[in-house]
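Breakdown of the fold
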Amino acid sequence: MKIFIKKAIFTILFFATCLCMFGQQNASVAFFGIYSPDADKNMLSMTEDLYFKQLSDMNLSIKDNRSDSFSENYDSKKEALFSECEETFAFFIIIKKNTSEKWECSINLRNIETKKTKSISKEYDSYYKILMDSKTNLKASIKSLFDETEENQTIVKKSVSTKSVTTESIAGTWTGEDAIAKIVIMRGGRGFVVFKNGATMNISVSITAFENNSNTINVKQNGSNNASFFTDLNRKLALESAVTAKPIEWNFLLQNDGTLKGEKSTLIEKNGTAENALIPVIWTKNN
């Protein structure tokens, strides 16, 4: 049980860090807690406490809106439950057991003014795995909620740079992923990625210009696969999957603040198998 609690706290800490990346001080979020007709109340209470404790430390204005009314009446009276909310957004989670006896967890962000809700749902074999999901999967889900949506552009939208981009202008050392120590881009369109596990990947960098003066920056793995490149997989699965996996690839847009923002195409673990997925990524230039 102690191991489970430690893993749960670590996951929630990471969850809060992801949200903090996207928040600004003037953003206000009401935490409504968890609605679940199936989970044990004691387990839900512990889960809510973990979420709220970490959310309270974020760079956002957080209000605790948890109540028995929300957990008991969400299905039938959800509009009324949100009507008195004075914050910009309502954040809540729905956890249900589906017909296959698996748990479905839905993370929700609702814009109080527009009444629009954006959700990310995922299926788990057990309730405990909801809290022990890999940090990369959780990070991708949270970013998808808070990133590039009509209802929250005032929080996280960063304008795309329209200045000309060349491999020379982006040459240098970059960081931005948990499993990567550094990314080096050279002027000639080549470079390499150094992973924290010691692996090194050669990369090629190309830029595509569009009529609106925006530029897509493509970074692609060069050379054969190495199981150590697939840091979101367990070692056994990584060794098996590396044989046939597609090269890892990133596609970015240069932001006005100088960061590279985009998606990484790689393998993630889902239900014990490796699946192709797009993971939101931000790289920051060090020099």
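Residues numbered from 1 in each chain as written. Predicted model: local features only at pLDDT ≥ 70, side-chain atom pairs only at ≥ 80, totals over all residues. Heavy atoms only, no water.

The helix and strand inventory of the protein chain stands at seven helices and 13 strands. Excluding contacts between residues fewer than 6 apart, the proportion of contacts in the protein chain whose partners are at least 24 apart in sequence is 54%. Of the roughly 14800 Å² that the protein chain leaves accessible, carbon and sulfur atoms contribute 48%. (Helix = DSSP H or I, 4+ residues; strand = E, 2+ residues; numbered from the N terminus. Contact = heavy atoms within 4.5 Å. Areas by Shrake-Rupley, 256 points an atom, 1.4 Å probe, with all protein chains shown as cover.)

The next subject is the environment of asparagine 108. Here asparagine 108 shows up in strand 4 (residues 103-111). A relative accessible area of 3% means that asparagine 108 is categorised as buried. Placed 14 residues apart in sequence, asparagine 108 and isoleucine 94 show a C-alpha to C-alpha distance of 7.9 Å. Polar side-chain contacts of asparagine 108 include one of 2.4 Å to the side chain of serine 119. (Buried < 20%, exposed > 50% of the residue type's maximum accessible area, 1.4 Å probe, protein only. Polar contact = N/O pair within 3.5 Å; in protein donor to acceptor, adjacent residues only side chain to side chain.)

Our focus in this paragraph is the pairing of strand 7 (residues 180-185). The side chains of a regular strand alternate, residue by residue, between the two faces of the sheet. Relative to strand 7, strand 6 (residues 172-175) is paired through three bridges, and the arrangement is antiparallel. Paired with threonine 173 across the bridge in strand 7 is valine 184. (Pairing = 2+ DSSP bridges.)

Turning our eyes to something else, we now look at the nonpolar core. Membership of the largest hydrophobic core comes to 30 residues, with the highest contact counts inside it found for Ile217, Phe230, Trp250 and Trp283. Contributions of two or more residues to this core are made by strand 7, strand 8 (190-195), strand 9 (200-209), strand 10 (215-222), helix 7 (235-241), strand 11 (249-254), strand 12 (260-270) and strand 13 (273-285). Aside from chain neighbours lying at most four places away, what touches phenylalanine 230 is Asn225, Ala238, Ala242, Ala245, Lys246, Ile248, Thr266 and Leu267. With 18 residues, the next largest nonpolar core counts Ile34, Leu44, Ile95 and Tyr124 among its residues. (Core = buried A, V, L, I, M, F, W, Y, C linked by side-chain atoms within 4.5 Å.)

It is worth stressing that arrangement in space is one thing and function is another; only the former is reported here.
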